[in-house]
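Given next are the chains, with one letter for each unit.
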Amino acid sequence: MSLDKKIYEMLKTQAQSEKAKAMLTLELLNNKGVGVGEHSTKDFYQNAEEALMMLVDANDKLETLESLYKDSKYKN
């Protein structure tokens with residue numbers, strides 16, 4: 001595997017991992033809100049916003065990789 005393909009795969013895998021973490025966090029907040037730090041509304045909202053931003057960032061990374069490598073031999 002070439003270095004360029006390894007870099008692409010690493011970046012894609014990292015973004016997918018961040019997306020999965022964000023989705024899990026949002027699911028936990030939806031279903032198990034008692035798991036929030038100090039159990040305050042402020043903590044809940046802050047955790048939800050952080051998870052949403054993590055999801056947005058991960059999706060942006062995946063879209064950027066797709067755009068950068070759309071005609072590349074490194075993609076699947």
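Our subject is the structure listed above.
Residues numbered from 1 in each chain as written. Predicted model: local features only at pLDDT ≥ 70, side-chain atom pairs only at ≥ 80, totals over all residues. Heavy atoms only, no water.

1. Considering the overall build of the chain
Argument step 1. Within the chain, the regular secondary structure consists of 2 helices and 0 strands.
Argument step 2. Split into buried and exposed, the 76 residues of the chain put 20% on the buried side.
Argument step 3. Taking as baseline every contact in the chain between residues at least 6 positions apart, the subset at least 24 positions apart corresponds to 72%. (Helix = DSSP H or I, 4+ residues; strand = E, 2+ residues; numbered from the N terminus. Buried < 20%, exposed > 50% of the residue type's maximum accessible area, 1.4 Å probe, protein only. Contact = heavy atoms within 4.5 Å.)

2. Observations regarding the environment of Lys19
Argument step 1. Residue position: Lys19 is located in helix α1 (residues 3-31).
Argument step 2. Among the residues examined, Lys19 registers a relative accessible area of 31% and is labelled partly exposed.
Argument step 3. The spacing of Lys19 and Ala51 is 32 residues in sequence and 9.2 Å in space, taken between C-alpha atoms.
Argument step 4. If near-sequence neighbours (up to four positions away) are discounted, Lys19 is found in contact with Leu55, Ala58, Asn59 and Leu62.

3. Thoughts on α1
For an α-helix, 3.6 residues make a turn, and residues three or four places apart therefore share a direction.
Argument step 1. Over its 29 residues, α1 runs 42 Å from end to end, which matches the ideal 42 Å to within 8%, given 1.5 Å per residue.
Argument step 2. Every buried residue of α1 is accounted for by Tyr8, Lys12, Ala15, Glu18, Ala22 and Leu29.
Argument step 3. On its buried side, α1 packs onto α2 (41-68). (Expected span 1.5 Å × (residues − 1).)

4. Some details on the pattern of salt bridges
Argument step 1. Within the structure shown, the criterion is met by 2 salt bridges.
Argument step 2. Among the ionic pairs, Glu9 bridges to Lys5, the shortest N-O distance being 3.8 Å. Highlighted residues: Glu9 and Lys5, both in helix α1, separated by 4 residues, approximately one helical turn.
Argument step 3. Given a relative accessible area of 22%, Glu9 falls into the partly exposed group.
Argument step 4. Overall, the relative accessible area of 21% leaves Lys5 in the partly exposed class.
Argument step 5. Between Glu18 and Lys61 there is a salt bridge; the shortest N-O distance is 2.8 Å. Here Glu18, found in helix α1, pairs with Lys61, found in helix α2; they are 43 residues apart in sequence, far enough to count as distant. (Salt bridge = Lys/Arg side-chain N within 4 Å of Asp/Glu carboxyl O.)

5. As for the packing of aromatic side chains
Argument step 1. Within the structure shown, the criterion is met by 2 aromatic pairs.
Argument step 2. Ring geometry for Tyr8 versus Tyr69: centroids 4.6 Å apart, planes at 55°, classification tilted. Of this pair, Tyr8 sits in helix α1 while Tyr69 sits in the segment after α2, placing them 61 residues apart in sequence. Each member of the pair, Tyr8 together with Tyr69, is buried.
Argument step 3. Here Phe44 and Tyr45 contribute two aromatic rings whose centre-to-centre distance is 6.1 Å and whose plane-to-plane angle is 65°, an arrangement assigned as edge-to-face. (Phe/Tyr/Trp six-rings, centres within 6.5 Å; stacked < 30°, edge-to-face > 60°.)

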